[in-house]
Amino acid sequence: MKQVITSGLSSSLDNAATNYTNLPDAILLTATEVDTETLVSTGGTFTKLHVKLSAAPGAGKSYAFTLRLNGADTALTTTISDTATTGSDDSNSVTVAAGDRVALKIVPTGTPTSVQERHAIMFTGTNANESLLLAGTRNTNLSALATDYVLCHGSAPPNATETNRREIIPTGGTIKNLYINLGTAPGVGSSRTFTLYKNGVATALTVTISGTATTGNDTANSVAVVAGDDISLEGVIGVAPAASRLRHGFTFSATTD
């Protein structure tokens, strides 16, 4: 199944230093890559990176955009230079597997004009009907004191109210393959449990990460959804876990490919 992932920044790019942003919902622009990473939940391929700037970089100046995979550059990249405002890479592809981390790196050269950017990339799932839900808490830690709720697709800080992090499903299918990656382990004797909520009710799709672990997944359970259903992700703490960012992802398997 082919999936178009689109995004853009309302803030201006840093024209003097390398920055990173999310593939979906690119609200955050930061020098800290891990705060923009999201988690792949099923195998597939990224292709067709397209970028558009609000203005040209200027003569002898440029911005380079590169898909990052697990903290390393990939071959999927495009550079926009001089008087150009658009760039694309329709030739290269990057194969990914469940559990991989992805982000977009932006490198300025020659102190280009300060601009906003919009980008799009194509994901093609290895399995028919499958697409990605990519999410994270940006540069905000999960609570160490209370239950949090976060988005299932896109980046936003955690929120104490479940309805503030609901997103709507537009077509029938199944949500599965919950992958979790914490920036910091909960700590010995503590844990964090993450559960998909559907229409405000906990489902069987859940992951608990305890002690010194930072990753976990649930590939056994799945949740059927129909158009109009609301989804969110609940994070429940154990005994005073360490402060941590969250990167997570689901697979959406559409009823119709």
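Scroll up to find the structure.
Now for a description of the structure that goes with this document. Keep in mind the model is a prediction, meaning the values are calculated, not measured. (Residues numbered from 1 in each chain as written. Predicted model: local features only at pLDDT ≥ 70, side-chain atom pairs only at ≥ 80, totals over all residues. Heavy atoms only, no water.)

**Looking at the pairing of strand E5 (residues 58-69)**
Judged from the eight bridges that link them, E5 and strand E6 (residues 72-82) form a sheet pairing that is antiparallel. Opposite Phe65, over in E6, you have Thr78 as the bridge partner. Bridge count for E5 against strand E8 (residues 101-109) is eight bridges, and the pairing is antiparallel. Pairing of Leu67 across the sheet is with Leu104, part of E8. (Pairing = 2+ DSSP bridges. Helix = DSSP H or I, 4+ residues; strand = E, 2+ residues; numbered from the N terminus.)

**Describing the environment of Leu28**
Within the fold, Leu28 resides in the loop between strand E2 (19-21) and strand E3 (38-39). Between the C-alpha atoms of Leu28 and Thr184, which are 156 residues apart in sequence, the distance is 20 Å.

**Quick word on the layout of surface pockets**
Its boundaries defined by the atoms lining it, the largest pocket holds a volume of some 350 Å³. What lines the largest pocket is a set of 19 residues, among which Ser131, Leu132, Leu133, Pro170 and Phe252 lie closest to the centre. Secondary-structure elements contributing two or more residues to the lining of the largest pocket are strand E1 (2-8), strand E10 (130-136), strand E13 (167-168) and strand E19 (246-254). Per element, the largest residue contribution to the lining of the largest pocket is five residues, and it comes from E1. Partitioned by chemical class, the residues of the lining of the largest pocket number twelve nonpolar, five polar and two charged. (1 Å grid on protein atoms, 1.4 Å probe; cavity = no way out; pocket = protein on both sides within 12 Å on 5 of 7 lines; lining within 4 Å. Points joined across faces, edges and corners; volume = space filled by probe spheres on them. Nonpolar A, V, L, I, M, F, W, Y, C, P; charged D, E, K, R; others polar.)

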